[in-house]
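Fold and geometry: a report
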Protein chains: 2
Amino acid sequence: MSSSIQKNLASKNAEYASKFTQGDLALPPAKHYLILTCMDARIDPAAAFGINLGDAHVIRNAGASARDALRSIIISQQLLGTKEIILIKHTGCGMLTFSNDDAHSLVKKNLGPSASAEIATLDFLPFTNIDDAIKGDVEYLKRSAAVSDDVIISGWVYEVETGKVRQIV
Amino acid sequence: MSSSIQKNLASKNAEYASKFTQGDLALPPAKHYLILTCMDARIDPAAAFGINLGDAHVIRNAGASARDALRSIIISQQLLGTKEIILIKHTGCGMLTFSNDDAHSLVKKNLGPSASAEIATLDFLPFTNIDDAIKGDVEYLKRSAAVSDDVIISGWVYEVETGKVRQIV
């Protein structure tokens, strides 16, 4: 029995596939870059950031965390040849609204002690200021020995209210 | 001095923002679901999976790994109210092409011993069979105490050659 979400996926995808013409793209990103942005529902990276199919890796997680994305970034660079990182956080991010303690308390309250124990050491990586978080993540990537010194790294904020990006660093 | 990638972002975004009309969407995903898929450059989730702006969280990492995404999944569910997970891996995934040992050797060779030491404990989470990896990740999420039992979870494969999705589990 399919959920309405699953039915939507199947029917919209059938429409997409019926017009699909780009089945011969190569595995490595053609433009050799990666975009790291937030999972936020209000961001459509391909449209908002001008990414053509096949051009770039797109990594998304809660808050566009560079630490959380390090595994993917290393694979992107060392195995698939990307040479530039575009980090884009955004206004109104959910990560600005809670602390690690809040999140752990919520898990315990909603899911119980076994869930709480399972994720006891998890850092939810929230932040309190968007520009500082962007600068901090760019700095983290520049300092990481696992990111080559010749990788170009920039940090941006996307305004969910206007659709505009601004470069921060 | 901007790179050509940065210039492309700025100019394509200016065009996007000039026509942007959806600045009042709410932070929580309107359709209460999340899609977890791969960072692969050949996937455009909004177009291929029928996601309207504001409807769903989109988490992307190397291989669409559920383990890697757990932090984001908990935030999506516990703080932003999503109730369904659509996991989509894809044909021709880069994660099928290397082992953990390969990746660690490559980091040591390309970036040196300090990089190798920095990521010594990192699991790159590669896999050898796409259907098995999908089933394994769905199983992992169903077993995790940090994912509520009433969350609907399905697993799909996206064919980069045809643009089609197929449900696996």
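Refer to the structure presented above.
The rules behind each value
Residues numbered from 1 in each chain as written. Chains lettered and ligands numbered in written order. Predicted model: local features only at pLDDT ≥ 70, side-chain atom pairs only at ≥ 80, totals over all residues. Heavy atoms only, no water. Helix = DSSP H or I, 4+ residues; strand = E, 2+ residues; numbered from the N terminus. Buried < 20%, exposed > 50% of the residue type's maximum accessible area, 1.4 Å probe, protein only. Contact = heavy atoms within 4.5 Å. Areas by Shrake-Rupley, 256 points an atom, 1.4 Å probe, with all protein chains shown as cover. Lys, Arg positive; Asp, Glu negative; His and termini not counted. Charge placed at Lys NZ, Arg CZ, Asp CG, Glu CD. Buried area = accessible area lost by both parts, 1.4 Å probe. Salt bridge = Lys/Arg side-chain N within 4 Å of Asp/Glu carboxyl O. Polar contact = N/O pair within 3.5 Å; in protein donor to acceptor, adjacent residues only side chain to side chain. Nonpolar A, V, L, I, M, F, W, Y, C, P; charged D, E, K, R; others polar. Axes fitted to C-alpha atoms, helices over the stretch in contact; angles between N-to-C directions. Parallel < 35°, antiparallel > 145°, perpendicular 65-115°, else oblique. Left-handed = near helix turned anticlockwise from the far one by under 90°. Phe/Tyr/Trp six-rings, centres within 6.5 Å; stacked < 30°, edge-to-face > 60°. Lys NZ or Arg CZ within 6 Å of the ring centre and 35° of its normal.

In this section: the overall build of chain A. Tallying secondary structure elements over chain A gives six helices and five strands in all. Starting at the N terminus and ending at the C terminus, chain A contains elements arranged as α-β-α-β-α-β-α-α-α-β-β. Here the C-alpha coordinates of chain A stretch approximately 50 × 50 × 35 Å along the principal axes. Buried positions account for 59% of the 169 residues belonging to chain A. Within chain A, residue pairs in contact and separated by at least 24 positions form 66% of the contacts whose partners lie at least 6 positions apart. If you sum the accessible surface of chain A, you get close to 6900 Å²; carbon and sulfur atoms cover 51% of it. Here chain A contributes 17 positively and 19 negatively charged side chains, and the mean placements of these two sets differ by 4 Å.

Attention now moves to the interface of chain B and chain A. In this complex, chain B contributes 85 residues to the contact, which on the side of chain A involves 84 residues. Interface area, chain B with chain A, both sides summed: about 7100 Å², of which 63% is carbon and sulfur. The largest contributions to the chain B side of the interface with chain A come from L9(B), M39(B) and R71(B), which together make up 11% of the buried area. If you look at where chain B meets chain A, you find two salt bridges. Notably, a salt bridge pairs R71(A) with D68(B), separated by 2.8 Å at the nearest N-O pair. At the junction of chain B and chain A, the tally comes to 37 residue pairs in polar contact (both at pLDDT 80 or more). Here the element with the most residues in the side of chain B that touches chain A is helix α3 (residues 66–79) of chain B; it accounts for nine residues. Tallied by class, the residues present in the side of chain B that touches chain A amount to 46 nonpolar, 25 polar and 14 charged.

Our next topic: the packing of α3(B) against helix α6 (residues 130–143) of chain B. All names here are of chain B. Where α3 meets α6, the axes come as close as 10 Å, and the angle between the chain directions of the two elements is 40°. The orientation of α3 relative to α6 falls into the category oblique. For the crossing formed where α3 meets α6, the hand is right-handed. When α3 is examined against α6, the residues A66, R67, L70 and I73 are found in contact with a partner set consisting of D137, Y140 and L141. Tallied by class, the residues present in the contact of α3 with α6 amount to five nonpolar, no polar and two charged.

Turning our attention to the packing of aromatic side chains. Residues and elements named next belong to chain A. Here the structure, examined in full by the defined rule, presents four aromatic pairs over all chains. Taking 5.6 Å as the distance between ring centres and 85° as the angle between the ring planes, the aromatic pair formed by F49 and Y158 counts as edge-to-face. Of the two residues, F49 is situated in the loop between α2 (45–48) and β2 (56–61) and Y158 in strand β4 (residues 152–158); the sequence distance between them amounts to 109 residues. Among the residues examined, F49 registers a relative accessible area of 1% and is labelled buried. The class of Y158 is buried, set by a relative accessible area of 0%. Its end group placed over the ring of Y140, R67 keeps NZ or CZ at 4.4 Å from the ring centre.

Side-chain pairs of opposite charge can arise whenever the charged atoms involved come near each other. Residues and elements named next belong to chain A. If you walk through the whole model with that rule in mind, you get 14 salt bridges over all chains. Its salt-bridge partner being R67, residue D137 comes within 3.7 Å of it at the nearest N-O pair. Taken as a pair, D137 in helix α6 (residues 130–143) and R67 in the loop between β2 and α3 (70–79) lie far apart in primary sequence, 70 residues in all.

Everything listed is a geometric property; what it means functionally is a separate question.
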